[in-house]
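What follows is each chain in one-letter form.
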Amino acid sequence: MSKRMKETKVNRKWKIIIGVVIAVFLIAIIGFIIYIAPNYRKSSLEGKTNLIINNNNVTEKLKHDIYMDENNVIFLSFDDIQNYFDKYIEYDQSSKRLITTYEDKLAVIIAGENTMNVNGKEENLESSVFEKDGELYLPFSEMSKKVYNAELEYIPETKKIVVTSDGREVKEVTANKKVNLKYKPTNFSRTLEKIEEYENLTYISESENWVKVRVKNGKIGYVKRKEVSNPEIVQEAKKDETRIDGKVNLFWDYFSISADAPNRNGEKYEGVNVVAPTFFTLVKDGDGEVRDNVGQAGEEYIKWAKENGYEIWAVVSNTDERNMMETTSKIMNDYELRENLIHNIVTLAEEYDIDGINIDFENMKKEDKDLFSRFIIELTPRLKHLGKTVSVDVTAPDGSDTWSLCFDRNVIGHVADYLIFMAYDQHGNGTDAGTTAGYDWVELNVKKFLNQEGVNFDKIILGIPLYTRLWREKDGEVTSRTVSIKDISEVLPDDVTPTWNEELKQYYVEYENNGQVCKMWLEEENSIREKIKLANEYKLAGIAFWEKDREPEGEEFWRQVSDELHQENS
């Protein structure tokens, strides 16, 4: 082969190699361009009005457009308010009344009217609710502070609406020098803004090398971590002052509408931090009126509780008179009657300067479940505005229509400060003989509250009975009567030996008396200790006892309860 032919082959080989290298290089460049192109592409949100809520740009997720009228009032749709501020907002088509709540505010607006009622007080509006294409729009910029406890700023130059909740923690960082605000957390990204030295930036989050911030004109982007100071808190997160610090240790103090509050002067119960006297009851056949049973004895009771450092969660019940189902239903089904009931409760809470309200409504219609939730939704912000705690008593899930299925525990547990699970009468009047509150049954239902009902563990207070039942069986007939814990020893014959049931975690006795078979599943110090352990195991908010004066006499019982409640689980 000639020398020239060899050189030609070599040249071709090098040309192929060079071509391949160039192709690979071009592919790499194209790939790099494709990779970084999104970092330089303009956002589809630029040029349109953006809504930023607590440093999150939610514009793309809005269901409807943002409107602004000639008075520069900013309107958001009903759907978007529901999505971002009030999941329980409601519009009554017949009265054109819009009801919205947020934390400690209850607001009512009648569509077309330039007024708004906030916690019972009239507020003037420049604009009102209007309807467009079948969707309601609310004057959000006028409501943001008055209802939703948020600061709103509209920045015309960038068309940004910046909303910051009052109770939210806010941090800032300071630029160490002139820096670039980047669209993405990389050097290969377009610059959104030039930031001046010493400029304060709202801190959002950070990674190893980049900090996500918001600048004063509302733009959100990234700066290098080394180019800004460490974040500092400029607004503290607001603490919910209506919640108890630590675990709740409550007892109900029951006295009927015909009785006076008990005289507890000179008494003190170690570890107890809340008392719940049955001061108030719904008036039968009324329109939301509440019977006040405080009186002189009750005022003495309030004074005693305050002197001993107990919070007072006064009970409002519908159970002190028979056949209250229809009265309760009538009120739940009428907004104005609910409003009247709420006004009366709020007035009483203020008048007696009590710390909270405990709602104990039982035997309600299953079809009124959502309306009872509306009552709690509308009541809670009115009381929270006054710094009052709201607790609601509920039964175990999955029972009868009027006893269990009349509660939406998820909604109530979300709205109220506490949900008290009355974990007793597993077997009661009209049932076969059985335990009042077996451990396995209580635990099963606590799990239902947490999983099936979706209630947060720190909202649940476990109700514990201070009584049991003596069951008698003869000729197929079963009867029972309530026996207080303190009286068990007087009821049981001396020669009866209780046996421990590990599944129920309580003692059981069975004996014959005058031809009857007598049975008792004992609620006493050991079974109560196990229930308190259960409350601790599931990290519940605390415990509540029904009812005071059924417990063993003396101080030792309450001391043991307190010790067990505050033991750390191993």
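Rules behind the numbers
- Residues numbered from 1 in each chain as written.
- Predicted model: local features only at pLDDT ≥ 70, side-chain atom pairs only at ≥ 80, totals over all residues.
- Heavy atoms only, no water.
- UniProt positions renumbered as here; feature names shortened; annotations may be inferred.
- Helix = DSSP H or I, 4+ residues; strand = E, 2+ residues; numbered from the N terminus.
- Rg over C-alpha atoms; globule rule 2.2 N^0.38 Å.
- Contact = heavy atoms within 4.5 Å.
- Areas by Shrake-Rupley, 256 points an atom, 1.4 Å probe, with all protein chains shown as cover.
- Lys, Arg positive; Asp, Glu negative; His and termini not counted.
- Charge placed at Lys NZ, Arg CZ, Asp CG, Glu CD.
- Buried < 20%, exposed > 50% of the residue type's maximum accessible area, 1.4 Å probe, protein only.
- Axes fitted to C-alpha atoms, helices over the stretch in contact; angles between N-to-C directions.
- Parallel < 35°, antiparallel > 145°, perpendicular 65-115°, else oblique.
- Left-handed = near helix turned anticlockwise from the far one by under 90°.
- Nonpolar A, V, L, I, M, F, W, Y, C, P; charged D, E, K, R; others polar.
- Core = buried A, V, L, I, M, F, W, Y, C linked by side-chain atoms within 4.5 Å.
- Phe/Tyr/Trp six-rings, centres within 6.5 Å; stacked < 30°, edge-to-face > 60°.
- Lys NZ or Arg CZ within 6 Å of the ring centre and 35° of its normal.
- Pairing = 2+ DSSP bridges.
- Salt bridge = Lys/Arg side-chain N within 4 Å of Asp/Glu carboxyl O.

- Under an unreviewed UniProt entry, the name given to the protein is Sporulation-specific glycosylase YdhD, and the organism recorded is Candidatus Merdicola faecigallinarum.
- Entered under Sequence similarities (unreviewed entry) in the UniProt record, the comment concerning the protein runs "Belongs to the glycosyl hydrolase 18 family."

1. A look at the overall build of the protein
Then comes step 1: A tally of regular secondary structure across the protein gives 12 helices and 35 strands.
Then comes step 2: Taken over the C-alpha trace, the protein has a radius of gyration of 33 Å; the compact-globule value for 570 residues is 25 Å, which it surpasses by more than 25%.
Then comes step 3: The C-alpha extent of the protein, read off along each of the three principal axes, is 130 × 75 × 45 Å.
Then comes step 4: Counted over contacts in the protein with a minimum sequence separation of 6, partners at least 24 positions apart contribute 66%.
Then comes step 5: Summing over all exposed atoms, the protein offers an accessible surface of approximately 28300 Å²; the carbon and sulfur share of this is 46%.
Then comes step 6: For the protein, the distance from the average site of its 75 positive side-chain charges to the average site of its 103 negative ones is 15 Å.

2. Describing helix H5 (residues 325-332)
Residue pairs spaced three or four apart in an α-helix point in one direction, given the helix's 3.6 residues per turn.
Then comes step 1: Considered for burial, the residues of H5 that qualify are Thr327, Thr328, Ser329, Ile331 and Met332.
Then comes step 2: The inward-facing, buried residues of H5 abut strand S23 (280-282), helix H6 (335-351) and helix H7 (369-385).

3. Thoughts on the packing of helix H9 (residues 439-452) against helix H11 (residues 525-537)
Helix-helix packing is described using two parameters, namely the angle between the two axes and the distance between the axes.
Then comes step 1: Put simply, H9 and H11 touch, their axes get as near as 11 Å, and they point 20° apart. One finds that H9 runs roughly parallel with respect to H11. Handedness of the crossing formed by H9 with H11: right-handed. Residue-level contacts link Tyr439, Val442, Glu443 and Val446 of H9 to Glu530, Lys531, Leu534 and Glu537 of H11.
Then comes step 2: Here the residues of the contact of H9 with H11 are counted per class, giving 4 nonpolar, no polar and 4 charged.

4. Some details on the packing of H11 against helix H12 (residues 556-565)
Then comes step 1: Interaxial distance between H11 and H12 falls to 9 Å at its minimum, and their mutual angle equals 30°. In terms of axis orientation, H11 runs roughly parallel to H12. The chirality of how H11 crosses H12 is right-handed. Two secondary-structure elements touch here, H11 through Glu525, Ile528, Arg529, Ile532, Lys533 and Asn536 and H12 through Phe557, Gln560, Val561, Glu564 and Leu565.
Then comes step 2: Looking at the contact of H11 with H12 residue by residue, the classes come out as 5 nonpolar, 2 polar and 4 charged.

5. Considerations on the nonpolar core
Then comes step 1: Core analysis: the biggest nonpolar cluster contains 79 residues, and Phe280, Ile359, Phe372 and Phe375 have the highest contact counts within it.
Then comes step 2: For this core, the element with the most residues is H6, which contributes 7 residues.
Then comes step 3: Every residue in contact with Phe280, bar those within four places of it in the chain, is listed here: Val290, Arg291, Asp292, Val294, Ala314, Val315, Val316, Ser317, Leu348, Tyr352, Ile354 and Ile357.
Then comes step 4: Among the nonpolar cores identified, the runner-up in size contains 29 residues, and Leu51, Phe78, Phe85 and Leu136 belong to it.

6. Focus on the packing of aromatic side chains
Then comes step 1: Considering all chains together, one arrives at 34 aromatic pairs under this definition.
Then comes step 2: Measuring from ring centre to ring centre gives 5.3 Å for Phe130 and Tyr137, while their planes differ by 15°; the resulting arrangement is stacked.
Then comes step 3: Pairwise contacts between aromatic rings join Phe251, Phe255, Tyr269, Phe279, Phe280, Tyr301, Trp304, Tyr310, Tyr352, Phe545, Phe557 and Trp558 into one cluster.
Then comes step 4: A cation over an aromatic ring shows up here: Arg190 above the ring of Tyr183, its NZ or CZ 4.6 Å from the ring centre.
Then comes step 5: Between the NZ or CZ atom of Lys505 and the centre of the ring of Tyr439, over which it lies, the distance is 5.2 Å.

7. Comments concerning the sheet that holds strand S12 (residues 150-155)
Then comes step 1: Strand order in this open sheet of 4 strands is S2-S1-S13-S12, and the pairing throughout is mixed. Lying at the two open borders of the sheet, with one neighbouring strand each, are strand S2 (56-57) and S12.
Then comes step 2: As judged from the 6 bridges shared by S12 and strand S13 (residues 160-165), these two strands associate in the antiparallel manner. What sits directly across from Tyr154, in S13, is Ile161.

8. Some words on unusual backbone geometry
Then comes step 1: With an omega dihedral of -5°, the bond running from Trp546 to Glu547 counts as a cis peptide bond.
Then comes step 2: Mapping Glu547 onto the fold places it in the loop between strand S35 (542-546) and H12.
Then comes step 3: One non-glycine residue, Asp398, lies in positive phi territory at about 65°.
Then comes step 4: Relative to the helices and strands, Asp398 resides in the loop between strand S27 (389-394) and helix H8 (409-415).
Then comes step 5: Residue Lys539 is not a glycine yet carries a positive backbone phi of 55°.
Then comes step 6: As for its placement among the helices and strands, Lys539 is situated in the loop between H11 and S35.
Then comes step 7: Accessibility expressed as a relative area gives 56% for Lys539, which makes it exposed.

9. Some thoughts on the environment of Ile412
Then comes step 1: Mapping Ile412 onto the fold places it in helix H8.
Then comes step 2: Here the alpha-carbon distance between Ile412 and Leu192, two residues 220 residues apart in the chain, equals 45 Å.
Then comes step 3: Excluding anything up to four places from it in sequence, Ile412 contacts Phe372, Ser373, Val392, Val394, Phe407 and Leu419.

10. Examining the UniProt feature "domain: SH3b" (unreviewed entry) in the protein
Then comes step 1: Sites flagged by UniProt as "domain: SH3b" (unreviewed entry) map to residues 168-232.
Then comes step 2: In this annotation, residues 168-232 is assigned 0% helix and 49% strand; the end-to-end C-alpha distance for the span is 14 Å.

11. So, the pattern of salt bridges
Then comes step 1: Summed over the entire model, instances satisfying the criterion amount to 37 salt bridges.
Then comes step 2: Residue Glu326 pairs with Lys365 through a salt bridge whose shortest N-O separation is 3.2 Å. Of the two residues, Glu326 sits in helix H5 while Lys365 sits in the loop between strand S26 (356-360) and H7, which places them 39 residues apart along the sequence.
Then comes step 3: Since its relative accessible area comes to 18%, Lys365 is described here as buried.
Then comes step 4: For Arg409, the salt bridge goes to Glu453, with nearest N and O atoms at 4.0 Å.

12. Looking at the sheet that holds strand S11 (residues 135-139)
Then comes step 1: With respect to topology, 4 strands assemble into an open sheet ordered S3-S4-S11-S10, the strand pairing being antiparallel. For this open sheet the edge positions go to strand S3 (67-68) and strand S10 (130-132), each flanked by a neighbour on one side alone.
Then comes step 2: Where S10 and S11 come together, 3 bridges link them in antiparallel fashion. Bridging across to S11, Glu131 finds its partner in Leu136.

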